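Chain by chain, the residues run as shown.
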Amino acid sequence: MLVLMKLINKSVIKENYAWALFLHTWKGERRLVMGLVIFILEALFTKIFLGGSFKNLFDQVLNLKGIWKYAVPAIIIIWLLETLYPIVNIPIFIKAVAFTISQILLLLFFWDNRKNVQMFIIGIGEFLNFLVVAANGFYMPVEVKYLLGDPRLSHFYQEIMDKSDYIHSLVTEDTHLYFLADVIYIPGFLWFSPSIVSIGDIIKVLGTLFLIPKLMLKKSISISNK
């Protein structure tokens, strides 16, 4: 009976871990929905009104310098951190090292493509975000008053309090580089949820908004992996 109970407990634990992994991954994906919708709408606008080409967009993106060497590995590391952090007790040192490696890879990616002004702008936003995260124990501080002031952000607040969010923490008196933290509140509209973003996030979004039409309207690939 004791052996049977141990087997049952192990089975339950595995099921709970699998379920937690699924739920957290789904939450992470939902946070990307707004950006994805904006990306699609802008791409459609460029296609319909400016004569842009989706083929040009895909060709240009896949041929950005260092995309396979730097960008893809960095994205995989970030995804693993976000997905595994809530259910695996990752030591802060390992998290800090992994996150730093991912950011160095991304910054190298943007630096390799610095001749593209939009990519350079996105890189600046990425660097500013990394700066404030590194200065605050590898957490991005979030303004508490906005989290508590909007019921639609209550789940975000709860994730931070439960320490199921690998990258965010609450702003305190000891927060460094406050002006670079997530302290800018963007109200929700239509089907978009409200957000709390940083200056770095805004710079990255602006760079991306100008990058998409540029890539779609290019008639030939001028960027290579060489």
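Model, not experiment: these values are computed from the prediction.

Asker: Give a detailed account of helix H4 (residues 67-84), specifying residues and quantitative values.
Answerer: In a regular helix each residue adds 1.5 Å, so 18 residues correspond to 26 Å; H4 covers 24 Å between its end C-alpha atoms and thus fits that length. Among all positions in H4, only Ile67, Tyr70, Ala71, Ala74, Leu81 and Thr83 are buried.

Asker: Any chance you could break down the nonpolar core for me, citing the residues and the numbers?
Answerer: The biggest cluster of nonpolar side chains holds 18 residues, and the ones touching the most others in it are Leu81, Phe99, Val132, Val133, Phe138 and Tyr166. Every element with two or more residues in this core is listed here: helix H5 (92-112) and helix H6 (117-135). Among the elements that make up this core, the one with the highest residue count is H6 (four residues). For Tyr166, the contacting residues outside a window of four places in its chain are Ile78, Leu81, Glu82, Tyr85, Lys95, Phe99, Phe138 and Tyr139. Ranked by size, the runner-up nonpolar core spans 17 residues in total, among them Tyr70, Phe109, Leu215 and Met216.

Asker: Now, about unusual backbone geometry: what can you tell me, with residues and values included?
Answerer: If you check the backbone angles, Phe138 has positive phi at about 65° while not being a glycine. Among the structural elements, Phe138 can be located in the loop between H6 and strand E1 (140-142). Although it is not a glycine, Leu177 sits at a positive phi angle of roughly 55°. Take Leu177: it is sitting in the loop between strand E2 (168-170) and strand E3 (184-186).

Asker: Residues and numbers for the environment of Gly125, please.
Answerer: Take Gly125: it is sitting in helix H6. Judged by relative accessible area, Gly125 falls into the buried class, the value being 0%. Separated by 76 residues in the primary sequence, Gly125 and Asp201 place their C-alpha atoms 6.1 Å from one another. Leave out the neighbours within four places in its chain, and Gly125 touches Gly200, Ile203 and Lys204.

Asker: With reference to specific residues and values, describe the environment of Gly188.
Answerer: Mapped onto the secondary structure, Gly188 falls in the loop between E3 and strand E4 (195-197). Note on Gly188: relative accessible area 24%, which makes it partly exposed. In this structure the C-alpha to C-alpha distance between Gly188 and Arg152, which are 36 residues apart in sequence, comes to 9.0 Å. Beyond its immediate stretch of four places on either side in the chain, Gly188 contacts Arg152, Ser193 and Pro194.

Asker: Any details on the packing of helix H3 (residues 54-62) against helix H9 (residues 199-217)? Residues and values, ideally.
Answerer: Relative orientation of the contacting elements H3 and H9 amounts to 105°, with a least axis distance of 7 Å. Considering the angle they form, H3 stands roughly perpendicular to H9. When H3 is examined against H9, the residues Phe54, Asn56, Leu57, Gln60 and Val61 are found in contact with a partner set consisting of Ile212, Leu215, Met216 and Leu217. Taken together, the residues that form the contact of H3 with H9 break down as seven nonpolar, two polar and no charged.

Asker: Please give an account of the packing of aromatic side chains that cites residues and values.
Answerer: One pass over the full model with this rule turns up five aromatic pairs. Here the aromatic rings of Phe109 and Phe110 are separated by 5.4 Å at their centres, their planes lie at 50°, and the arrangement is tilted. With a relative accessible area of 10%, Phe110 lands in the buried category. Three or more aromatic residues link up through ring pairs in this structure, and these residues are Tyr85, Phe99, Phe130 and Tyr166. Here Lys95 stacks its cationic end above the ring of Tyr139, 3.3 Å away from the centre of that ring.

Asker: Go over the pattern of salt bridges with me, naming the residues and quoting the values.
Answerer: Note that side chains of opposite charge can pair when their charged atoms are close. One pass over the structure, following the stated rule, counts three salt bridges. Between Asp59 and Lys55 there is a salt bridge whose closest N-O contact spans 2.8 Å. Taken together, the positions of Asp59 and Lys55, both in helix H3 and four residues apart, correspond to about one turn of that helix. Among the ionic pairs, Lys204 bridges to Glu126, the shortest N-O distance being 2.9 Å. Linking Lys204 in helix H9 with Glu126 in helix H6, this pair joins segments that are 78 residues apart in sequence.

Cut-offs used in this document
- Residues numbered from 1 in each chain as written.
- Predicted model: local features only at pLDDT ≥ 70, side-chain atom pairs only at ≥ 80, totals over all residues.
- Heavy atoms only, no water.
- Helix = DSSP H or I, 4+ residues; strand = E, 2+ residues; numbered from the N terminus.
- Expected span 1.5 Å × (residues − 1).
- Buried < 20%, exposed > 50% of the residue type's maximum accessible area, 1.4 Å probe, protein only.
- Core = buried A, V, L, I, M, F, W, Y, C linked by side-chain atoms within 4.5 Å.
- Contact = heavy atoms within 4.5 Å.
- Axes fitted to C-alpha atoms, helices over the stretch in contact; angles between N-to-C directions.
- Parallel < 35°, antiparallel > 145°, perpendicular 65-115°, else oblique.
- Nonpolar A, V, L, I, M, F, W, Y, C, P; charged D, E, K, R; others polar.
- Phe/Tyr/Trp six-rings, centres within 6.5 Å; stacked < 30°, edge-to-face > 60°.
- Lys NZ or Arg CZ within 6 Å of the ring centre and 35° of its normal.
- Salt bridge = Lys/Arg side-chain N within 4 Å of Asp/Glu carboxyl O.

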